[in-house]
Structures are given as structure tokens and as C-alpha cells.
Amino acid sequence: MKYNAWNIFRQGLTGNRGWKEAWRKAEPKPEYDIIVVGGGGHGLATAYYLAAKHGKHRVAVIEKGWIGGGNAGRNTTIVRSNYLLAGNQPFYELSMKLWEGLEQELNYNVMMSQRGMLNLLHSDAQRDAGVRRANAMIMSGADGALLDRDELEQNYPFLDFDNARFPIKAGLLQRRAGTARHDAVVWGYARAADQLGVDIIENCEVTGFQITDGLCTGVETSRGPIKAAKTAVCVAGSSGRVMAMAGMRLPIESFALQAFVSEGLKPVLPTAFSFGAGHFYVSQSDKGGLVFGGDLDAYNTYAQRGSLDIVQDVAECAVAVMPSIGRARLLRSWGGLMDMSMDGSPFIDQTHIDGLYFNGGWCYGGFKATPASGFCYAHLLATGQPLAVAAEYRLDRTMSGAMIDEKGQGAHPNRH
Amino acid sequence: MIIDHPLLGPRDAAEFTYLGAATLMDRPTPEDGPKAMHDYVYLRDNPVGLHRELWYHAQGDRSWLVVTRDTMTQVITHVELARDVATAKAGGTS
């Protein structure tokens, strides 16, 4: 049943008994054309676009827990397309355009709020870098604007403009960027995919791959074997342990990223913004809480929690750029698993095993990529060819040297 | 997280900087070929469970440690001086 005002009215008159569950609790079939391993945002988006754009309906999404229970259920909600490098920026702009049409496409309210994302710039050199990045954004068909200090002071009076160590000189603003409700994105893609015949199978953990002579013919799961011509893995921070079952080592290591929410406050932030002299970024949710984060915890982990010294670091950055935040109380914190890659950029590629595909290495930036990741992965799975905007997301780029390293940090996953 | 330094006793992990997997100590030579060097630089086991890793005591005695830590529980089971690990690998005792 379509979600619209007429159905809300009609159902309201008849006791709301007509609403159907948003997706079926499908039982696994013995065989599919394509299995998507991982029921997060990316996996569900992939399944949706396989069905909606490529006519592939014999598709299953296999999720070890409940859908969206990983990073899609615990992120800082910002969506933006403000990258520098040619291998990245057109991809993220495709994602931004898909975000802009997503609620209509899925018939689901994802609370898309294009409130803008501002990157603060604290020196002449940093401003020059900001100009370069704004030009890269504009060249990709996105929007980017440089605001000077006077314009910033009008809209962000609470920032520490005259800080002696890192004064605020300018800001790079992407007006079309913003936030979306992370759970709703998962549920929206799940419902839309289910309506096109995709089986969403929860509480079903992949325990192995059926691989013989370099060919993958399906998976072993906690609910029995399932065959498929193509198996598409996208499990974010669990990439290492899942692909190890296929005998593969990856240019990826897993780290915890902590994020935080403050008590509800009256509206204070006109956009999301990031600090240029330390790793800190913040937005304000519709419930009023400030949603913010900063650096990774430095050591490999699967524990989905981090250490208190990071909490202190993030709080110090917050108070340095926005002193008044020091009066707000911290309400909630959590940690998620980041699949940090060797150049800080993702992979959407076939593996050396026929029939086995890999999507991962999103580091801490996977949420904004959700629509384009699904769109491009579906295209690769359906046609065997990558879309141009994702053509550089190859697993062999570490060997060929075609690294996509936005921060220029080199082969240290935890520095990206 | 507390790291029990073999010489200095229990220290806050914040005194250290983390480098990565202890396999970084096994740097290949040019004779091993480009694939070996590629795999050394770019590929990782990234295991769930016990992980041997390199920590540098930047704010202490500036020694390198090989720490064995469970990546799921964060429990540290073993701490050695990296120098001792390297010496043992080379078959020496000095």
C-alpha cells in the first residue's frame, strides 16, 4: 500500500487495521540469481536497484542480525558530496542526486534535510585548499561556495572566530548537503525492494562460501546452504572476517569510531559544520540534540566501543571551536566498526574468484554513499561492468598504484 | 586500556602510538619480488580475536612493544619488547 495522505486518512477512519508489514519475513529459498551478503544500507540499496533498474527479482539479502543493525543504525547522518579527487567526487555527487530523489523513488519519508554542510578554514593555505575542493565539487556538477568571515559571523555567532591559535578565516559551504534519518533509509530500501520481490532474510549468518576451482556458487549459512550465480558481499566493518572465509586478505583494517549526542537544545546550528583545525564535526537533529564525532580509536578492534581518551579529544575540539557547547550535557555515545582502507577510499569490484564480488572500505563515510553504492554495485552485478563514476574503486589499485588518497596519508588505514 | 610494559610496568595506552599489525616487522627484501612487497604494505589479516600488534611508547621510554590483544574483548594477553621478538626470530640471544 502506498504511503500517502489519502491512505493515512482512509486507514485512520477504519481503525488503522489495513497497514501491512513493511517487508516480509522471507524464508530462504535454495537458490537465487544474486545473493547480497549484508543487510545494511548498502546491501538493501543494491538489492533494490537490482530489482528496480535491472529487472533482477530472484535476489536475496542475507543479514546475520536485523537489517540496519550495523553502521546504518548508528551514524551521524550527514550526507554530502564535497570530496576533492576525480575518483571520488563524481561518485558522491551521483549519490547526492539520488538522495534528492530518494523519498519519491522509495515512497518513504527518510527525513531528508538539505540544510547544508560547512567546512571551517583557519589559514590562508587551508582556504586555498578549500577553493580547490570547491572547484572540484563544481566541476563534478555539485555546488560549492566559499563564505568569508563576515558571512560566517552572521549565521554562526557562537563560533570562536578570534581564537589566537586557529582563527576562522573562511568556510566552504555545500548548501545541498544535509542529513537524513539513517534508520528510515534502511527501512525505505527494504520495503521497496521487498515489494519488487527481493527476499530479505534476517537472523541468517553466512558461515562459508561454496568455492570450487576459483568459482563461487553460493554460501553456507546458519539456516542452510543457498546457491547463487553471483554472491555480492557488503558488510562494512566485518569485511575482514567475512572475506577470510573466501581465503582473501584485504587492504582494509577495522577500527572503532565513536559518536555522541547531547541533550536536546533549542535550534542553534543552521547547518552541519566541521572544524578545520582538529577532527570534529557536528549537526543538530530535529529532536534538538547535537550529533557529533571526531577521530577513530587508533587500534584494530571489532568491539564496537572505544576508549575514554577519544571522548576527551572530541570534547576538547568541540569546546575549542564552539565554546558554548561546553555547557551542554552528553546524553548518549556509541561506537561502530569502520572498514578503513589503505587509501581511505572504497572498493566496488569483482574478486579474483568468479561469481564473488566485494563492496567495502567505506571508512567512516559510508552513509552518504548509500544510494550510489547500491546503484553502482547493482550495475556491476547486473552488467559485469562498472559505472564510470565507480570505475576507480578496484581492488587491484593498490598493485597498480592508482590510489585515491584524499588525505595523503599513505598505507595507514587509521590515519585516513 | 592498560599496557603492562615489560620494563616500566602498567601504563595507560594513551602514552603510546599504535602502528599496526606485528607482521610489519617482516619486511620483504627486493629479491622476494613486487607481489611480496605489495602484500606486506597493503594486505592485512585484520582478525577477530588475538592480534599481535606494534605499539610505540612515545611518551615513555620510546621503546617498541609487540602486544597480543583480543580485538573483540580488548583484553591484552601478552606484552613483549619488539627488540626481543626480532632477536628471537633471527635466532640470536643478544
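Notes on the structure follow. (Residues numbered from 1 in each chain as written. Chains lettered and ligands numbered in written order. Predicted model: local features only at pLDDT ≥ 70, side-chain atom pairs only at ≥ 80, totals over all residues. Heavy atoms only, no water.)

Regarding the layout of surface pockets
Our working rule: A cavity here means a set of 1 Å grid points, computed over protein atoms only, where a 1.4 Å probe fits but cannot escape. A pocket is an open set with protein on both sides within 12 Å along at least 5 of 7 lines, and lining residues have an atom within 4 Å of a point. Grid points are joined across faces, edges and corners, and a volume is the space filled by probe spheres set on the points. In this text, helices come from DSSP runs of H or I with a minimum length of four residues, and strands from runs of E with a minimum of two, each type numbered from the N-terminal end.
Taken as a whole, the second largest pocket spans an internal volume of roughly 790 Å³. Forming the walls of the second largest pocket are 32 residues, and the residues nearest its centre are A:A298, A:D309, A:I310, B:F16 and B:T17. The set of elements that each furnish at least two residues to the lining of the second largest pocket consists of β15 (289-300) and α8 (308-321) of chain A together with β3 (17-21) and β4 (50-56) of chain B. When residues in the lining of the second largest pocket are grouped by element, the largest group, five residues, is from β15(A).

What to know about helix α3 (residues 89-106) of chain A
Residues and elements named next belong to chain A. As a reminder of what qualifies: In a helix, the anticipated span is given by 1.5 Å times the number of residues less one. Working definition for bend: take the seven residues up to and ending at a residue and the seven starting at it, fit an axis to each, and measure the angle between the axes. Exposure is judged per residue with a 1.4 Å probe applied to protein chains only, and the accessible area is read against the type maximum: over 50% gives exposed, under 20% gives buried, and values in between give partly exposed.
Its 18 residues give α3 an end-to-end C-alpha distance of 25 Å, which sits within 8% of 26 Å, the value for a rise of 1.5 Å per residue. If you look at α3, its biggest bend is around 45°, right at E100. Every buried residue belonging to α3 is among Q89, F91, Y92, E93, S95, M96, L98, W99, L102 and L106, and all of these are buried. Backbone geometry just downstream of α3 places N107 in the positive-phi region, at approximately 50°.

Quick look at the environment of A:M139
Examined against the element boundaries, A:M139 turns out to sit in helix α4 (residues 124-139). Each C-alpha atom, one on A:M139 and one on A:P90, is 8.8 Å from the other, the two residues being 49 residues apart in sequence.

Brief notes about a nonpolar patch on the surface
Residue and element names in this part refer to chain A. Inclusion rule: Residues enter a patch when their relative accessible area is above 30% and they make no salt bridge; the linking distance is 9 Å between like charges and 5 Å between nonpolar side chains (Val, Leu, Ile, Met, Phe, Trp, Tyr). Accessibility throughout is a Shrake-Rupley quantity obtained with a 1.4 Å probe, and a residue counts as covered only by protein chains that appear here. By salt bridge we mean one thing: a side-chain nitrogen of Lys or Arg within 4 Å of a carboxyl oxygen of Asp or Glu.
The grouping of M1, Y3, I8 and W19 at the surface amounts to a nonpolar patch, some 360 Å² of accessible area in total. Turning to its location among the elements, M1 is positioned in the segment before α1 (5-13). Taking the relative accessible area as the measure of exposure, M1 reaches 34% and is therefore partly exposed.

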